[in-house]
Amino acid sequence: MRFVDEYRDPDLARALSAKISTLAEPGRHYKLMEVCGGHTHAIYRFGVHDFLPETVELVHGPGCPVCVIPMGRVDDGMAIAERNPDVILTCFGDMMRVPGSNGSFLDGNARGADIRMVYSPLDALRIARQNPDRQVIFYAIGFETTAPSTALTLVRAKREGITNFSVFCNHVTIIPAIKAILDSPDLRLDAFVGPGHVSTVIGCRPYEFIPRDHGKPLVCAGFEPLDVLQAIEMIMRQLADGRAEVENQYARIVPWDGNRQALATMADVFELRPYFEWRGLGFISHSALKLSQRYADFDTELRYDVPGVRVADPKSCQCGEVLKGVLKPWECKVFGTACTPETPIGTCMVSSEGACAAYYNYGRYAKKRLPLHV
Amino acid sequence: MPKQFTEAEVIERIEDMRRRRPRFTDTQITMSHGSGGKASRQLVEGLIVPLLDNPALACLGDAARVQVEGATLALTTDSFVVHPLAFPGGSIGELAVNGTVNDLAAAGARPISLAAALILEEGLDAEVLRGELEAMAAAAQQAGVPVVTGDTKVVERGKADGLYITTTGVGLVASDVALAPELVQPGDKVLVSGTVGEHGMAIMLARGQVDLDADIRSDTAPLWPLAEALLATCGADLHCMRDATRGGVATVLNEIVLTCQLGAVVIEDKVPLRPEVVGACELLGIDPLYVANEGKLVAFVAPDRADEALEALRAHPTGAAAAIIGEVAEEPAGRVLGRTGFGGHRMIDMLVGDPLPRIC
């Protein structure tokens, strides 16, 4: 397929792999964090590990929208859907399986709630138009990647005067999460593979504090396997040169200054919350969005009573350590035994972008080449 | 501080768990139990099989084999609850005939006759019903298998999606046919009889839940001619066949390797795919290896007969796009690996949950 196959070329991959090996200083161990779950998924899905020398270790970061949703917010969504029979709760597919303290949305459906999977917030708005006698709620999750589409949907809902639609906003922002990682005492990172889709919206400038204040390179990368490899090559070159800069591997999509129109729409529709709970990372100030005063009529949290109770993660769950990159997925006590994709305890095991699910589904084999004669 | 295991130990511990008979511990049925993936396996192997326990059932093939006075009969049944009833490339009536014919074919059985049970919802348009019965008749005629008995029930409005069909089929297994996952050998080639992923994607697009226009048609087709050709060409060198329906090719491969405790390696860029399916799957983030087919065989053939087997498949119009997509190896036991087009490796595990709504 055009515009896809070009970014999956095995010959180019081998060439980049060789360059990365050359750039790696003998005896030095490199820890690079890919911030974004999309990268984690691509790395495992395409076997990018097979192209890296053993001394270059990829640490999976917190940029998985589903993974950072705390249990209490799942319970809130479930409570609204179960207490109000006229409600149709809509959410992205991955969200359906995230466990709350009272089961997942899938379990909610089995108990009689009406929770539907949508591919876009616009689909939720369409459901609202088609069901004027029902209240349709979009359970919004995601970073700056998905926030603009939620914002545009709200703009449209307001313009069309649709009153049976609201948004339960869980949008979060990436920079505070990266700051939390950098401030975490138990992690030594050499550099970051920067988010791709988030950066199409916010641009590259917001990352400039990372090389400036922390002396670590960041390279914004695309999501095809060659993008990731090339970004790693650019990082290794910076480290070899003793440089620390923000570079943009994904310039074909990511403008340095971001998407001003998307940022303006977001600024109109959302405002920063004073603080928000992140799964595993705890409360982070100014790290999440809620609907602005202008869109308060569409705010589910103002329309409905939500329990709003903070629910502690199960004791055995070490998602927080995995999200911060302190633990590798398989180092978690319950990984693969009590916690599997079909019976997830923690969020990292739910979404295909979650480090644990990506590792479990794609990476769980002894890394040795097999003889192939096909 | 608990003992810290190495990565290899953790992987091995997970494989031990996977090898155990799945347990059914859920408190209620969710849609995942119908997906053909892990939850379905827990339901079938953890609840249904233990309660109805007998040797023929325990094989869990596409069809059960029953000995009757020297003859081996194959018996299978399948329910069809697809929504919408009609979709590009087919409809529930055609699917109901082909689906059961194919379960027999994959078991190496010549389909003899079918029974059909119809569950009709109050208010179903008679013309829709007539159309589906005509589709069943046409499919039965094409497959050369008559529908010889049946049943009808009507349920109240709202209790069914218009029309559900259950078909049951009887087939005859020739005395020299031996097909089973246990017969699969290291070195066997894995063949697939054509392009994969069309049925599931056709249904998904037909439901209109995603705003995507693509010309993808269901691949529903009877598979006995292909199965017969493989049996005739390969004889005992054909070790196992499966009909890659729910859960797709990936699920079939996992079921086989879990049973025979060998490994399978799939060369991903050898998997035949129509460009429309590749495009739709890319956009929706779905792996076509997990998408349902309604007219695709997966066959395990001894390596020195694989090329002949491929020719036999390609000689038939339904098998024109057949391909060798991988091979069986000793390692990694019980697992399926993919070599990606990019040149890396990944696991191809069983499906968890269901990316797709009711598809058959």
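Predicted model, so just to flag it, every value in this text is computed and none were measured.

Things to note about the domain arrangement of chain B
Residues and elements named next belong to chain B.
In step 1: By the assigned domains, chain B splits into domain 1 (62–175) and domain 2 (181–347).
In step 2: On the side of domain 2, 21 residues touch domain 1, which itself brings 21 residues to the contact.
In step 3: It is helix H4 (residues 92–106) that contributes the most residues to the side of domain 1 that touches domain 2, nine residues altogether.
In step 4: Partitioning the side of domain 1 that touches domain 2 into residue classes produces 10 nonpolar, seven polar and four charged.

A closer look at the confidence of the model for chain A
In step 1: In this model, chain A carries a mean pLDDT of 91, and residues with pLDDT of at least 70 account for 97%.
In step 2: Low pLDDT (under 50) marks residues 369–374 of chain A, which in the prediction has 11 contacts with non-local residues, meaning those over four places away or in another chain.

A word on the sheet that holds strand E2 (residues 56–63) of chain A
Residue and element names in this part refer to chain A.
In step 1: The five strands lie next to each other as E2-E1-E7-E8-E9, forming an open sheet whose pairing is parallel. Edge strands, defined here as strands with exactly one partner in the open sheet, are E2 and strand E9 (246–248). Looking at each pair of strands side by side, their axes are set apart by 20° on average, direction ignored.
In step 2: Here strand E1 (residues 30–36) pairs with strand E7 (residues 191–194) via three bridges, running parallel. Looking at the pairing, leucine 32 lines up with alanine 191 of E7.

Describing the nonpolar core
In step 1: With 218 residues, the main nonpolar core has Val193 of chain A together with Leu230 of chain B as its most contacted residues.
In step 2: With nine residues, the single largest contributor to this core is helix H10 (residues 225–241) of chain A.
In step 3: Split by domain, this core shows at least three residues from each of two domains, domain 1 (62–175) and domain 2 (181–347) of chain B.
In step 4: Not counting residues up to four positions away in its chain, the partners in contact with leucine 230 of chain B are Leu238, Met241, Ala299, Ala309, Ala312 and Leu313 of chain B.

With respect to the packing of helix H7 (residues 224–234) of chain B against helix H10 (residues 306–314) of chain B
All names here are of chain B.
In step 1: Following both chains from N to C, one finds H7 and H10 inclined at 150°, their axes separated by 9 Å at the closest point. Considered as vectors, H7 and H10 are oriented roughly antiparallel to each other. Of the two possible hands of crossing, H7 and H10 adopt the one that is right-handed. Between H7, through Leu226, Ala229, Leu230, Thr233 and Cys234, and H10, the contact on the second element is made entirely by Glu308, Ala309, Ala312 and Leu313.
In step 2: Considering only residue class, the contact of H7 with H10 consists of seven nonpolar, one polar and one charged.

Re unusual backbone geometry
In step 1: Cis geometry is adopted by the peptide bond preceding proline 84 of chain B, which originates at histidine 83 of chain B and carries an omega value of 0°.
In step 2: If you trace the backbone, proline 84 of chain B turns up in the loop between strand E2 (71–80) and strand E3 (86–87).
In step 3: Between glutamate 331 of chain B and proline 332 of chain B the backbone carries a cis peptide bond, its omega angle lying at -10°.
In step 4: With phi around 50°, histidine 286 of chain A is a residue other than glycine that occupies positive phi space.
In step 5: The topology assignment puts histidine 286 of chain A in the loop between strand E12 (282–285) and strand E13 (289–291).
In step 6: C-beta crowding within 10 Å serves as the criterion here: with 13 such atoms nearby, histidine 286 of chain A is assigned to the partly exposed category.
In step 7: At glutamate 69 of chain B, a residue that is not glycine, the phi angle is positive and equals roughly 45°.

Examining the interface of chain B and chain A
In step 1: In this assembly, 43 residues from chain B lie in contact with 38 residues from chain A.
In step 2: Contributions of two or more residues to the side of chain B that touches chain A are made by helix H1 (7–19), helix H2 (38–51), strand E10 (263–267), helix H9 (275–284), strand E12 (323–329), strand E13 (336–339) and strand E14 (345–347) of chain B.
In step 3: When residues of the side of chain B that touches chain A are assigned to their parent elements, the largest contribution, seven residues, is made by H1 of chain B.
In step 4: Looking at the side of chain B that touches chain A, its residues break down into 22 nonpolar, 11 polar and 10 charged.

Side note on the environment of glutamate 12 of chain B
Residue and element names in this part refer to chain B.
In step 1: Its location among the elements puts glutamate 12 in helix H1.
In step 2: On the basis of neighbour counts, which here come to 13 C-beta atoms within 10 Å, the residue glutamate 12 falls in the partly exposed class.
In step 3: A C-alpha to C-alpha distance of 37 Å links glutamate 12 and methionine 204, two positions 192 residues apart in sequence.

Definitions and limits used
Residues numbered from 1 in each chain as written. Chains lettered and ligands numbered in written order. Predicted model: local features only at pLDDT ≥ 70, side-chain atom pairs only at ≥ 80, totals over all residues. Domains from an automatic or database assignment. Contact = placed C-beta atoms within 7 Å. Helix = DSSP H or I, 4+ residues; strand = E, 2+ residues; numbered from the N terminus. Nonpolar A, V, L, I, M, F, W, Y, C, P; charged D, E, K, R; others polar. pLDDT = per-residue confidence, 0-100. Pairing = 2+ DSSP bridges. Axes fitted to C-alpha atoms, helices over the stretch in contact; angles between N-to-C directions. Core = buried A, V, L, I, M, F, W, Y, C linked by C-beta atoms within 7 Å. Buried ≥ 20, exposed ≤ 12 C-beta atoms within 10 Å, placed from the backbone. Parallel < 35°, antiparallel > 145°, perpendicular 65-115°, else oblique. Left-handed = near helix turned anticlockwise from the far one by under 90°.

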